[in-house]
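Residue-level listing of the chains:
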Amino acid sequence: MSISDKENKMIIRITRRAAVLLFAVLFAAALMTGCGSDSGQRRDGSVRIGVTLYDQYDTFLSELMNSFNGYVDARKAEGVDIVTVRQDAAGSQSLQNDEVAEMIENGCSVICVNLVDRTEPTPIIDMARKNDVPIIFFNRELVEEDLMQWDRLYYVGADAFQSGILQGEMATEYCKAHPEADKNGDGSIQYVVLEGEAGHQDAIIRTEYSVDTMIQKGIILDKVGYAIANWNRVQARSKMEQLIDSSGTGIELVLANNDDMAMGAIEAYEGREIPQEEWPVIFGIDGTEVGLQAVVSGKMAGTVYNDKDGQAQAMEALAYALATGKPLQNLSLPGEIRLEDNKYIRLPYKKVDQKAAEEILSK
Ligand code: GAL
């Protein structure tokens, strides 16, 4: 039986329409697969969030991650199918770049990156942009020009200037209220600074603003030493022992860029069996569990609370919204906190004296 010209044309038309339809279906399916879709939603409706840390043994970050996991669990309890994939970059930027590549390949809808080297975010930004996977950088702040490289890059953290100013204010208030802090009565306070990592925004800015605030508020300072101890308790202890050995009990104030290093200083005095009355006044920053306990016990004169819980809440809320394509303006954030310039979420620091430390620990 032969097919007429008319029937032939009709068959061609139907075949073309079927091809167009098939193409449309395949295209839509491709958009919904993995994290390459507009909304970031995975095909099975689940949310997969990648997290990579510069060093999983960092005390403050471990506590921040515990809080973050709590928010993820709460989301699960609401019935959301959400998983987190967590990696430790162990201090290597190239390892972290590989981890991000793997997370993208494994279908993460969004990745939270605690950069090892905050001056080297470009390989991660390039991969993210190419695969349309948004990135939330946190805690280790990249420069603004880098964050502007693509509109789906965000930063969650705090304002380093504020932590330095608050520490300087607390130390000033203490010195004014306790003239005996000037142990040798020479009218100036002999001090040392224990600094975090060289090149870290928090280390550079905290050191500068803490000292400047004290000077501006009328305290005469005399720097007798400083040491870089990379946020680390053990390193701080050994650096502080060297400082004690070179200055004896002449140190009157220790300004530590974080609580772990303040704890290292305390251990150095304890290790040298120097009675507590002869110790300098010691201030930290972070309000970690051990830091708060040291404030309560009086070994540390005060600390500045680095709001790990607020940062964790903000990071989870932003990650979830990005992964599910929800609007970013209605994120559930603590207090008055907002997403600024569609890029930044910063949580405020708070001064912590003995009473405040007790309150935080009892929550
Ligand atoms: C700081 C914190 C330090 C350390 C560092 C790591 O904000 O105060 O304790 O965790 O981040 O980047």
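Our subject in this report is the structure included herewith. What you see is a predicted model, and the numbers here were worked out from it, not measured in a lab.

1. Section: the nonpolar core
Then comes step 1: Ranked by size, the top nonpolar core spans 68 residues in total, and within it Ile 49, Ile 136, Phe 138, Leu 194, Met 240, Leu 318 and Ile 345 carry the most contacts.
Then comes step 2: By residue number, the principal contributor to this core is helix 11 (residues 308-324), which donates 9 residues.
Then comes step 3: The residues that make up this core include at least three from each of domain 1 (47-158 + 309-347) and domain 2 (161-305).
Then comes step 4: Leu 194 has contacts with Ala 227, Ala 236, Met 240, Leu 243, Val 254, Leu 255, Ala 256, Asn 257, Met 261 and Ala 265, leaving out every residue within four places of it along the chain.
Then comes step 5: Core analysis: the second largest hydrophobic core is formed by 20 residues, Tyr 191, Val 193, Leu 255 and Val 281 among them.

2. Digging into the site of the ligand
Then comes step 1: Near the ligand the following residues occur: Tyr 54, Asp 58, Phe 60, Asn 139, Arg 140, His 200, Asp 202, Arg 206, Trp 231, Asn 258, Asp 286 and Asn 306.
Then comes step 2: Within the contact set of the ligand, an oxygen atom lies 2.9 Å away from a side-chain nitrogen or oxygen of Arg 206.
Then comes step 3: Separating an oxygen atom of the ligand from a side-chain N or O atom of Asp 286 is a distance of 2.6 Å.
Then comes step 4: Given that more than half its atoms are within 2 Å of the pocket grid, the ligand belongs to the largest cavity.
Then comes step 5: Along the lines of polarity and charge, the residues of the shell around the ligand split into 3 nonpolar, 4 polar and 5 charged.
Then comes step 6: Looking at which domains feed residues into the shell around the ligand, each of domain 1 (47-158 + 309-347) and domain 2 (161-305) supplies at least three.

3. Here's the deal with unusual backbone geometry
Then comes step 1: A positive phi is found at Glu 273, a non-glycine position, where the angle reads about 55°.
Then comes step 2: We classify Glu 273 as exposed; its relative accessible area is 71%.
Then comes step 3: Although it is not a glycine, Asn 342 adopts a positive phi angle of roughly 55°.
Then comes step 4: Of note, Asn 342 is situated in the loop between helix 11 and strand 11 (344-347).
Then comes step 5: For Asn 342, a relative accessible area of 37% translates into the label partly exposed.

4. Some details on the pairing of strand 3 (residues 110-113)
Then comes step 1: Here strand 3 shows two buried faces, one formed by Val 110 and Cys 112 and the other by Ile 111 and Val 113.
Then comes step 2: Both strand 1 (residues 47-53) and strand 3 contribute to a ladder of 4 bridges, which runs parallel. Note that in strand 3 the partner of Gly 50 across the bridge is Ile 111.
Then comes step 3: When strand 3 meets strand 4 (residues 135-138), the two strands line up parallel, connected through 3 bridges. Of the residues in strand 4, the one forming a bridge with Ile 111 is Ile 135.
Then comes step 4: With respect to chirality, the unit in which strand 3 leads through helix 4 (residues 122-131) into the neighbouring parallel strand 4 is right-handed.

How each quantity is defined
Residues numbered from 1 in each chain as written. Predicted model: local features only at pLDDT ≥ 70, side-chain atom pairs only at ≥ 80, totals over all residues. Heavy atoms only, no water. Core = buried A, V, L, I, M, F, W, Y, C linked by side-chain atoms within 4.5 Å. Buried < 20%, exposed > 50% of the residue type's maximum accessible area, 1.4 Å probe, protein only. Helix = DSSP H or I, 4+ residues; strand = E, 2+ residues; numbered from the N terminus. Domains from an automatic or database assignment. Contact = heavy atoms within 4.5 Å. Near = heavy atom within 4 Å. Polar contact = N/O pair within 3.5 Å; in protein donor to acceptor, adjacent residues only side chain to side chain. 1 Å grid on protein atoms, 1.4 Å probe; cavity = no way out; pocket = protein on both sides within 12 Å on 5 of 7 lines; lining within 4 Å. Sits in = over half its atoms within 2 Å of the grid points. Nonpolar A, V, L, I, M, F, W, Y, C, P; charged D, E, K, R; others polar. Pairing = 2+ DSSP bridges. Right-handed = clockwise from strand over helix to strand, strands pointing away.

In short, geometric facts, not functional conclusions.
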